[in-house]
Amino acid sequence: MIRHTSSDVNTNALHFAKPMLTDGTGNLVELFAGSRCVGNVAEEKGMNVFSIDWQNFDKIDLAIDIEELQTKDVPFVPDVVWA
């Protein structure tokens, strides 16, 4: 069984996220955001980020069950939806 620490997961997520997120402005909705590892990278690259999770973790913008989410809950039209 392979075990990963949270720093391994964050490093791996950053590795995959950086090539996919372009520099400059854009809107990212991060679903199942948890620790916001993708959202943090997007913010570093100058994107607007709206993070959603079912629990109110640190820096989560909206804590809601994904089945209850409506388009009016997101304050912008996203360019990228990360799930």
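About the cut-offs
Residues numbered from 1 in each chain as written. Predicted model: local features only at pLDDT ≥ 70, side-chain atom pairs only at ≥ 80, totals over all residues. Heavy atoms only, no water. Helix = DSSP H or I, 4+ residues; strand = E, 2+ residues; numbered from the N terminus. Buried < 20%, exposed > 50% of the residue type's maximum accessible area, 1.4 Å probe, protein only. Polar contact = N/O pair within 3.5 Å; in protein donor to acceptor, adjacent residues only side chain to side chain. Contact = heavy atoms within 4.5 Å. Pairing = 2+ DSSP bridges. Right-handed = clockwise from strand over helix to strand, strands pointing away. pLDDT = per-residue confidence, 0-100.

**Side note on the side chain of Arg 36**
Thought 1: Here Arg 36 shows up in the loop between strand S1 (27-30) and helix H2 (37-44).
Thought 2: Arg 36 gets classed as buried once you look at its relative accessible area, which sits at 3%.
Thought 3: A polar side-chain atom of Arg 36 sits 3.3 Å from the main-chain carbonyl oxygen of Lys 59.
Thought 4: Arg 36 has contacts with Glu 30, Glu 43, Val 49, Ser 51, Asp 58, Lys 59 and Ile 60, leaving out every residue within four places of it along the chain.

**Comments concerning the sheet that holds strand S3 (residues 62-63)**
Thought 1: The 4 strands are arranged S3-S2-S1-S4 in an open sheet whose pairing can be described as parallel. Among the strands making up the open sheet, the edge pair consists of S3 and strand S4 (80-82).
Thought 2: The sheet contact formed by strand S2 (residues 48-53) and S3 spans 2 bridges and is parallel. Along S3, the bridge assignment pairs Ile 52 with Leu 62.

**As for the pairing of S2**
Thought 1: Counting buried residues in S2 gives 5 out of 6 residues, a clear majority hidden from the surface.
Thought 2: Sheet topology note: the S1/S2 ladder contains 4 bridges and is parallel. Opposite Val 29, over in S2, you have Phe 50 as the bridge partner.
Thought 3: Each parallel crossover has a hand, and the one from S1 via H2 to S2 is right-handed.

**Digging into H2**
Thought 1: Those residues of H2 that fall on the buried side of the exposure criterion are Cys 37, Val 38, Gly 39, Val 41 and Ala 42.
Thought 2: Note on H2: the residue one or two positions beyond its end, Gly 46, has a positive phi of about 90°.

**Focus: the confidence of the model for the chain**
Thought 1: For the chain, mean pLDDT is 82; residues scoring 70 or higher make up 72% of the total.
Thought 2: Within the chain, no element has a lower average pLDDT than helix H1 (residues 6-20), which sits at 52, and none a higher one than S3, at 98.
Thought 3: Note on residues 4-9: pLDDT is under 50 here. Beyond four places in sequence and across chains, it has 1 contact.

**Quick word on the environment of Ala 83**
Thought 1: Relative to the helices and strands, Ala 83 resides in the segment after S4.
Thought 2: When the C-alpha positions of Ala 83 and Ala 33 are compared, they lie 7.9 Å apart, and in sequence the two are 50 residues distant.
Thought 3: Apart from the residues within four sequence positions on either side, Ala 83 is in contact with Leu 31 and Phe 32.

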